[in-house]
There are 2 protein chains.
Amino acid sequence: MQNFFWQNSTAIIFGKDTVKDLAEHLKRDGVKGVLLVYGGKGIFKSGAYTQTTEMLTKAGIKFSEVNDVKPNPRVDKVREGIARVKAGGIDAILPVGGGSVFDSAKAIAAGSCYSGDVWDFFEGKAKIEKALPIYGVLTASASASEVNGFAVISNPECEIKTSINSPFVYPKVSVIDPSFQITLPQKQTVYGGVDIIAHILERVLDGDEGSDLIDEQGYALIRTMMRVIPELIENPKNYDARAEYALAGAMAHCGFLSVGRRVRGDFSSHRMGHSLSMLYGIAHGASLSIVMPAWARYLYEENPVPFARLGEAVFDIYDGTDEEKALDAIEALEDFFKDIKSPTTLREVGIKEEDIEKIAANASRGETFGTLQTLEAEDVLEIFRLAY
Amino acid sequence: MQNFFWQNSTAIIFGKDTVKDLAEHLKRDGVKGVLLVYGGKGIFKSGAYTQTTEMLTKAGIKFSEVNDVKPNPRVDKVREGIARVKAGGIDAILPVGGGSVFDSAKAIAAGSCYSGDVWDFFEGKAKIEKALPIYGVLTASASASEVNGFAVISNPECEIKTSINSPFVYPKVSVIDPSFQITLPQKQTVYGGVDIIAHILERVLDGDEGSDLIDEQGYALIRTMMRVIPELIENPKNYDARAEYALAGAMAHCGFLSVGRRVRGDFSSHRMGHSLSMLYGIAHGASLSIVMPAWARYLYEENPVPFARLGEAVFDIYDGTDEEKALDAIEALEDFFKDIKSPTTLREVGIKEEDIEKIAANASRGETFGTLQTLEAEDVLEIFRLAY
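Report on the accompanying structure. (Residues numbered from 1 in each chain as written. Chains lettered and ligands numbered in written order. Predicted model: local features only at pLDDT ≥ 70, side-chain atom pairs only at ≥ 80, totals over all residues. Heavy atoms only, no water.)

**Structural notes on the sheet that holds strand β4 (residues 62–66) of chain B**
Pairing in this open sheet of seven strands is mixed, and the strands run β1(A)-β2(B)-β9(B)-β6(B)-β5(B)-β3(B)-β4(B) from one edge to the other. The open sheet has two free edges, formed respectively by β1 (4–6) of chain A together with β4 of chain B, since each of these has just one partner strand. Looking at each pair of strands side by side, their axes are set apart by 15 degrees on average, direction ignored. With four bridges joining them, strand β6 (residues 135–138) of chain B and strand β9 (residues 173–176) of chain B adopt parallel strand pairing. Residue valine 137 of chain B lies in a different strand from β9 of chain B, and its bridge partner there is valine 175 of chain B. Sitting on the sheet, helix α4 (residues 75–86) of chain B is in contact with β3 (33–38), β4 and β5 (92–97) of chain B, with an inclination near 155 degrees to β4 of chain B. (Pairing = 2+ DSSP bridges. Helix = DSSP H or I, 4+ residues; strand = E, 2+ residues; numbered from the N terminus. Axes fitted to C-alpha atoms, helices over the stretch in contact; angles between N-to-C directions. Contact = heavy atoms within 4.5 Å.)

Here it is in structure tokens:
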């Protein structure tokens, strides 16, 4: 096991009808005005908007709004939020939504305390050294943005979707009320679930020996996700399944699956998936169920062990060599994605074969990446070909 | 799953040769003088004392010492520490040791900010509202005191060993260097391991439906402990096994196994075990391997389900009714305790049959307790008889 530093001080208020409990935290911290950040109509349907604004009004806290944050959120909306904060009267950011909204809120929180342009952080031109506090209300689990310091933002000008990770943008308090997720479209439950599974796989398949204990925690998280996603397809109102999903989603990417590893995880699939989202607006989860199996098939023969262990722990595959188990595990994973109707090929989402080179170039950007196996430009190209 | 609030902001510095990394935290927080709290000679043998004092000297931080903290630590030593703090020059407490030392440090940290006697907190006469910050160096995993707000202290005057739990006494930073534990006596590794297993069992066997996901995390923790304890008996210098043990120990009782449960766990065994430690100085872990199987045998027939689930997940027991699986699981657990040479009867530790009533009365103290099954005075007596 490798040495590590761990701290995650985000407070979680978890459960039914808990938005109201956020008031005491805001008041205790002396918050007078917040910027409410949200996306589309979902939060009106689920009741999250009403509950949040009523809570604020009752607590005597002023709020202004930035809305219409899109999936694969964009930097122009972040800049709009920063401008609102700089106009005054706001001392905290309050995202109400899923990962896109939380990610935007983080970028706004950091950008509001910086004199330059917020994209500097994403290009590595500047480092976050301060941010407004974030108090969030989660309405869709997937990114675990509610419990971590990551934010993924797209910049259409340069066609790049990329991320920051800073201790300054961990939400101070996150409300996770799983009942808000009952009204989500089925596709979002499926794609969010794929994203959560990817966050776990990107640790247990990163090629680092890390900690057996942490791997076991990861396998248990995957088993839970593979149980509750079909349950939620069957009955979206199953509160307990929603709650397990929301809890697993937060645990998958709060950082604890990275402890003891030499690397924090192998996020190659996320990086390649981002290109599909950036160039074609493919839903994030869908991009992952397309890319991950292709990535796995491309390199499992050289690296069978982590796939074989996954096969044993998650799919009860005990027969054969490690290489055979590995292939069986990859097929079982792909079958699961098919069963829950998440796409597993580029073809299915209407991407043309002649676009593959462009996509691969967008993912590589002249850099190599990956830890289980370092991916050069030609590897990335080959993976996208396999995904076709 | 029940609603819950979660926050654990303790920072963990984990791994080999990491004591030196504590300096930057102390300096950043402006600490000028600390009270070093420790027990016996163990920290000289392991190198923890030298590394800590060198780190402090290099960082220009003054320190005075309170030492000779005993296992099952006592309130008189805590009062000694408080008097030292009140004499001036100390703005943080720095325990170097295991659970007893951390627990004493917490009581000193809270008692130093209180005008009355520290035992008031343990009797429920006063509530902790403030404490000095705690920066700890762990040298023996078991209690998870390094990552939680619990402190268990004994008061010989009234023959009571009892606990506090406060958000104000979570260590600010804990250094967990598993290599310090290589020099521990084998008995301590065994008893610490039993304590860690008990912390997990007290959640998964608390009779609350809680969260399947959390139960699975708990089972994985127990499987890890049952793997590494024998590995460490075989080879105490196995660093990776020490690291998994230390990580599992922290995770078992940092609070996360309690999320989603109606209760925080059923700590009946701890409470009954405390009486054995208080009255006879029985090592804490030994008291648990004596009490837990008896507690389980006493009530599994009425409550077979959690024991049967444990049997499946930890001991691969799949045959029979839930009641049969439950009994097999209890026997397997008891066999494990015997294998690692932790006592499972009162007789083995030299306690006489005629003392049982006195022990039971000390544990009950006119109160009922327990969540899987509420224990009246006569139940407690019967459990201690079974443990004989």
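Next comes the rest of the account.
**Considering the side chain of arginine 203 of chain B**
All names here are of chain B. When you line up the elements, arginine 203 lands in helix α7 (residues 186–204). Within the buried set, arginine 203 has no salt-bridge partner at all; the shortest N-O distance to an opposite charge, 6.1 Å, is to glutamate 202. A polar atom in the side chain of arginine 203 sits 3.3 Å from the backbone oxygen of alanine 252. A distance of 3.1 Å separates a polar atom in the side chain of arginine 203 from a polar atom in the side chain of histidine 253. (Buried < 20%, exposed > 50% of the residue type's maximum accessible area, 1.4 Å probe, protein only. Lys, Arg positive; Asp, Glu negative; His and termini not counted. Salt bridge = Lys/Arg side-chain N within 4 Å of Asp/Glu carboxyl O. Polar contact = N/O pair within 3.5 Å; in protein donor to acceptor, adjacent residues only side chain to side chain.)

**What to know about the relation of the copies chain A and chain B**
Note on the copies: chain A fits chain B at an RMSD of 0.0 Å, the axial shift is 0.0 Å, and the rotation between them is 180 degrees. Here the copies are linked by what is in effect a two-fold axis. Scanning chain A for the C-alpha nearest the rotation axis identifies serine 9 of chain A, at a separation of 2.1 Å. A share of 100% of the interface residues of chain A reappears at the interface of chain B, consistent with the copies meeting face to face through the same patch. (Least-squares fit on C-alpha atoms with pLDDT ≥ 70 in both.)

**Things to note about the interface of chain A and chain B**
With 38 residues of chain A in contact, the opposing surface of chain B contributes 38 residues. Both sides of the chain A and chain B interface together cover about 3,100 Å² of buried area, and 54% of this is carbon and sulfur. Linking chain A with chain B are four salt bridges. Across the pair glutamate 216 of chain A and arginine 223 of chain B runs a salt bridge, and its minimum N-O distance is 2.4 Å. (Buried area = accessible area lost by both parts, 1.4 Å probe.)

**Considering the sheet that holds strand β5 (residues 92–97) of chain A**
One open sheet holds the seven strands; their spatial order is β4(A)-β3(A)-β5(A)-β6(A)-β9(A)-β2(A)-β1(B), and the pairing between them is mixed. Of all strands in the sheet, those bounded by a partner on one side alone are β4 (62–66) of chain A together with β1 (4–6) of chain B. On average, each strand axis in the sheet is inclined to that of its neighbour by 15 degrees, with strand direction left out of account. Summarising the sheet, β5 of chain A and strand β6 (residues 135–138) of chain A pair through two bridges and their orientation is parallel. From the neighbouring strand, valine 96 of chain A faces β6 of chain A, where its bridge partner is valine 137 of chain A. The sheet contacts of helix α4 (residues 75–86) of chain A involve β3 (33–38), β4 and β5 of chain A, and relative to β4 of chain A the element is tilted by about 155 degrees. Each of β2 (11–14) and β9 (173–176) of chain A together with β1 of chain B is contacted by helix α9 (residues 239–252) of chain A, which is oriented at about 170 degrees to β2 of chain A, the strand it contacts most.

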